[in-house]
Amino acid sequence: MALQGPEELGEQVEEPEDLDDQDASSISPAEEITLPPGPGGDEETEEAVLLPWDRFSAWLHCICVVGFDLELGQAVEVRQKDPAGSCKLTGKTSICYLSFPDSNSGCLGDTQFCFRFRQGSNKKSSLGSFLETSDRDAPPCLKGHYYGYVYFRQVRDKTLKRGYFQKSLVLISKLPYVTFFHSLLKIMAPEYFEKQEPCLEAACNDIDRWPTPHPGRILTLPIMGVVIKVRIPTCYDKPGTSQLVQSAQSDSLVSIVLPTIHEVDLFRCFYPVFFHIQMLWELVLLGEALVVMAPSPAESSDTVLALVSCISPLRYCSDFRPYFTIHDSEFKEYTTRTQAPPSVILGVTNPFFAKTLQHWPHIIRIGDMKRNGQQMKVKKLKNLKTLDSKPGVYTAYKPYLNKDEEIIKQLQKGVQQKRPSAAQNAILRRYFLELTQSFIIPLERYVASLMPLQKSISPWKSPPQLRPFIQQDFMKTLEKAGPQLTSRLKGDWIGLYRHFLKSPNFDGWFRNRRREMTQKLEALHLEALCEEDLQQRIQRHTEVETVDLVLKLKDKLSQAEREQLPVRPGTLPKLRAHIQSIIQTLPEDLQGILHKPSTP
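- The protein chain is annotated in an unreviewed UniProt entry as DENN/MADD domain containing 6Aa of Amphiprion percula.

And the structure:
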């Protein structure tokens, strides 16, 4: 079965396959739903018109039920033509394989994990404007991918030929809110396995009544008789902090309060390797090819997500796959020996990968987290020759920074004293945050110096350009204003920066900062333009020059609205007023033409 909103049905999830199909006769008549403006929005933000299932589509792309067929293997079960459409046969292959653990995992009972896969071309729904306006404040995550959140159940059943009941409930979404969706599945999946399709339809209807996930907004979300309270994160949030506090008075009807909806428990995920957390931080920072070999998809996906988040608030800009199988469309690309491994973090469970990925430079092999309390050692890659290799970190990498013994002692002491996992997680997340900030502050300081002075901005000239990033000049700043000002760690910081400047993470970070600073220059230029006495200026203009000025001002206004330029409150209304007053000075025939909205 697959339930989903009709506006999303034309999307391609994995090229060249389509995930969905659509039956036009199944769409109910359109209803107009008012979308409230997000926090910090302009007072004149227009109300968006939402169609049925648009609210659902803001949270989920679709819901799939994957079962096991003795003849076909894993298969998406399509048992009825639900009102929102259903999946095509050709688009389900990757989801089918990614929704089940490998046979060697032996996952009895209930297992939760997640996977991630590429999406194809995206057809905009009527919710497109919301998605675009919320992107700026959303926490950084790599676009162009879907996440699959899985609740897999395997129990003995003598009535079935295979002897086991095996089925997965899968939520497909563009949102990287792993904690939230796993919590949602804990409510939905047990109900589904007991009551089947009707409860899924009820859940979809509940989700379609949820408010859209604007960054920074606190929401109460009813689902199947349970109310979940969450706060949608923003890119300005400090990692490891929660701005959501439960209030006994206002939350009397709330069943579950989630302090975070997107962060994983770092200490639990890194516990088998916490002696090597600093080295792993360097490998992730530098965008090195890294594979996690784990006994189950749950441990694989948790470890990969922990690795990606350990450099937060810096965005990890390479690809990562929390759970990767031999059936994935990128399998040949990632396992070929004819070229160097790509910058990607893979999580795998199939022993076959021990052979096919043996040439990868960095391999983390973890044992069963529940049974294995021993710490793993760093081993040379040549030792990874057999399928039954012992747990360990297999790499020839030599860290640039000296090992921080204090954090290791602090975490070890916590283990001995049975410190709560939440406290250990907070210590480790704060350590990673401070380490990343110490590394990134010198870069931020240097890039800020590339910004032209505000006095160089003239309203009647194009905005000045940013000065170029020159590696040699940046390296000179490290002598007096390097990470030594904020970090106690010693080592080859210069070598680490040189390596980082060649990495995808630097490229992504600098592109983002350059875009932000360019938009800031455009905003300052627009504000300077609004402060000018335009009425006095046009008195010296010919009619043709005045029309040209109006057209340029309208272009500036369109750009500011389209790119959400960070202008001061009141700037855009002031610019509109300027445009209107200038138009009023022109002959009536020109006024009629200039008052017409410009075509996109």
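## A few points about the overall build of the protein chain
- From N to C terminus, the protein chain includes 19 helices and 17 strands.
- Buried residues in the protein chain amount to 52% of all 600 residues.
- Accessible area for the protein chain stands at about 29,100 Å²; split by element, carbon and sulfur atoms hold 52% of it.

## Considering the pairing of strand 9 (residues 218-223)
- Burial of strand 9 is one-sided: the residues Leu 219, Leu 221 and Ile 223 facing one way are buried, the residues Ile 218, Thr 220 and Pro 222 facing the other way are not.
- Here strand 9 pairs with strand 10 (residues 226-231) via 6 bridges, running antiparallel. Opposite Thr 220, over in strand 10, you have Lys 229 as the bridge partner.
- Remark: 2 residues form the turn of the hairpin made by strand 9 and strand 10, two consecutive strands paired antiparallel; Met 224 in that turn has positive phi of roughly 55 degrees.

## Some words on the packing of aromatic side chains
- Summed over all chains, the structure comprises 37 aromatic pairs.
- Residues Tyr 151 and Phe 193 carry aromatic rings whose centres are separated by 6.2 Å and whose planes lie at 45 degrees to one another, so their mutual orientation is tilted. In this pair, Tyr 151 sits in strand 7 (residues 145-156) while Phe 193 sits in helix 4 (residues 178-195), placing the two residues 42 residues apart along the sequence. An identical accessibility class is assigned to Tyr 151 and Phe 193; each is buried.
- For the pair Phe 506 and Trp 509, a centre-to-centre distance of 6.1 Å together with 35 degrees between the ring planes defines the contact as tilted. With Phe 506 and Trp 509 both in helix 15 (residues 504-530), this residue pair falls 3 residues apart, about one helical turn.
- A relative accessible area of 10% means that Trp 509 is categorised as buried.
- A connected cluster of aromatic rings, assembled from ring pairs, spans Trp 281, Phe 439, Tyr 446, Phe 469, Phe 474, Tyr 497, Phe 500, Phe 506, Trp 509 and Phe 510.
- For the cation-ring pair, Arg 116 lies above Phe 320, with the distance from its terminal atom to the ring centre recorded as 3.9 Å.

## Examining the environment of Thr 477
- Structurally, Thr 477 can be placed in helix 13 (residues 471-481).
- Residues Thr 477 and Leu 443, spaced 34 residues apart in sequence, show a C-alpha to C-alpha distance of 9.3 Å.

## A look at the pattern of salt bridges
- Inspection of every chain in the model, using the stated rule, returns 22 salt bridges.
- The salt bridge involving Glu 330 is made with Arg 118; its shortest N-O contact spans 3.3 Å. A residue pair is termed long-range when its members are at least 10 positions apart, and Glu 330 in the loop between strand 13 (319-321) and helix 9 (331-335) and Arg 118 in strand 6 (residues 109-118) qualify at 212 residues.
- Given a relative accessible area of 7%, Glu 330 falls into the buried group.
- Residue Arg 118 is classed as partly exposed on the basis of its relative accessible area, which comes to 33%.
- Note that Glu 522 is salt-bridged to Lys 556, the shortest N-O span being 3.0 Å. With Glu 522 in helix 15 and Lys 556 in helix 17 (residues 543-563), this residue pair connects regions lying 34 residues apart in the sequence. Lys 556 matches Glu 522 in its accessibility class, with the two residues each being buried.
- In this structure, a network of salt bridges that share partners links the residues Arg 116, Arg 118, Asp 319, Arg 321, Asp 328, Glu 330 and Glu 333.

Rules of the game
- Residues numbered from 1 in each chain as written.
- Predicted model: local features only at pLDDT ≥ 70, side-chain atom pairs only at ≥ 80, totals over all residues.
- Heavy atoms only, no water.
- Helix = DSSP H or I, 4+ residues; strand = E, 2+ residues; numbered from the N terminus.
- Buried < 20%, exposed > 50% of the residue type's maximum accessible area, 1.4 Å probe, protein only.
- Areas by Shrake-Rupley, 256 points an atom, 1.4 Å probe, with all protein chains shown as cover.
- Pairing = 2+ DSSP bridges.
- Phe/Tyr/Trp six-rings, centres within 6.5 Å; stacked < 30°, edge-to-face > 60°.
- Lys NZ or Arg CZ within 6 Å of the ring centre and 35° of its normal.
- Salt bridge = Lys/Arg side-chain N within 4 Å of Asp/Glu carboxyl O.

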